[in-house]
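Architecture and fold: a report
Take a look at the letters that make up each chain.
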Amino acid sequence: QEAHHSPPYLDDLIRQAQPQLDIVGHLTVPGISNRTTAQDDALRALWTIFEALPVDGSASCVGITKAILLLTDGRIGPALDSRVRRNLRVPQLSTSDEWIRLLDEISEDVLSFEAIHRRLLRETIPEEFAQLEYGRLYDMALGPR
């Protein structure tokens, strides 16, 4: 169905995001603290790009982080819906700096868990979830059931 609003359209945003997604590459939540300056800049740019998701105004952290979670195939997450934010005890975020600080904290959480319980092995995850990346698994653990 054809969109009934002025640009940018979702396809435009995804096209605009692709160079940034290429720079982010295979970065995952546990490795977020080891990101390069270019990857840091790309994450900030992705936030800015997806602020344009709604027809009017700018997107909340929910839409922005959901788009990034989906476009990174679950590597960068969680999506910050109200349940996830409540479980993380964080307010709605409004800047990329707040989001990146939270990603750093989530990374520390995952690494601390793995230091105590060892690396999350694919064999230990139920088969239907074994292909999922850390950002998506974290999203599922904290978010809607």
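Before reading on, note that the structure itself is shown above.
Residues numbered from 1 in each chain as written. Predicted model: local features only at pLDDT ≥ 70, side-chain atom pairs only at ≥ 80, totals over all residues. Heavy atoms only, no water.

Remarks on the overall build of the chain
Check the secondary structure of the chain and you find six helices and zero strands. Taken from the N to the C terminus, the helices and strands of the chain come in the order α-α-α-α-α-α. A burial count over the chain gives 40% of its 145 residues as buried. (Helix = DSSP H or I, 4+ residues; strand = E, 2+ residues; numbered from the N terminus. Buried < 20%, exposed > 50% of the residue type's maximum accessible area, 1.4 Å probe, protein only.)

Digging into the nonpolar core
In this structure, Leu-43, Phe-50, Ile-76 and Trp-99 are the most contacted members of the largest nonpolar core, which totals 32 residues. Of all the secondary-structure elements, those providing two or more residues to this core are α1 (10–24), α2 (37–50), α3 (61–71), α5 (96–117) and α6 (134–142). Ignoring anything within four residues of it in the chain, the contact list for Phe-50 reads Leu-13, Ala-17, Ala-59, Ile-64, Ala-67, Ile-68 and Leu-71. (Core = buried A, V, L, I, M, F, W, Y, C linked by side-chain atoms within 4.5 Å. Contact = heavy atoms within 4.5 Å.)

Structural notes on the packing of aromatic side chains
If you walk through the whole model with that rule in mind, you get one aromatic pair. Ring centres of Trp-47 and Trp-99 lie 5.7 Å apart, and the angle between their planes is 35 degrees; on these two criteria the pair is classed as tilted. Taken together, the residues Trp-47 in helix α2 and Trp-99 in helix α5 connect sequence positions 52 residues apart. A residue is classified by how much of its surface remains accessible, and Trp-99, at 2% relative accessible area, is buried. (Phe/Tyr/Trp six-rings, centres within 6.5 Å; stacked < 30°, edge-to-face > 60°.)

Quick look at the packing of α2 against α3
When two helices pack together, their arrangement is given by the angle between the helix axes and by the axis-to-axis distance. Here α2 crosses α3 at 120 degrees, and the two axes come no closer than 9 Å. Relative to α3, the element α2 is oriented oblique. Crossing geometry of α2 relative to α3 is assigned as right-handed. Every residue of α3 that contacts α2 at Leu-46, Trp-47 and Phe-50 is listed here: Cys-61, Ile-64, Thr-65, Ala-67, Ile-68 and Leu-71. (Axes fitted to C-alpha atoms, helices over the stretch in contact; angles between N-to-C directions. Parallel < 35°, antiparallel > 145°, perpendicular 65-115°, else oblique. Left-handed = near helix turned anticlockwise from the far one by under 90°.)

Looking at the pattern of salt bridges
Oppositely charged side chains can pair when the atoms bearing their charge come close. Counted according to the given criterion, the structure contains seven salt bridges. For Arg-35, the salt bridge is made with Asp-104, and the minimal N-O distance between the two is 2.8 Å. Taken as a pair, Arg-35 in the loop between α1 and α2 and Asp-104 in helix α5 lie far apart in primary sequence, 69 residues in all. When its relative accessible area of 18% is taken as the criterion, Arg-35 is described as buried. A salt bridge links Arg-136 to Asp-139, with the nearest nitrogen and oxygen atoms 2.6 Å apart. You can see Arg-136 and its partner Asp-139 sitting in helix α6, three residues apart, about one turn around the helix. Residue classification places Arg-136 among the partly exposed residues on the basis of a relative accessible area of 30%. Each member of the salt-bridge network shares a partner with another, and the members are Arg-35, Asp-40, Arg-44, Asp-97 and Asp-104. (Salt bridge = Lys/Arg side-chain N within 4 Å of Asp/Glu carboxyl O.)

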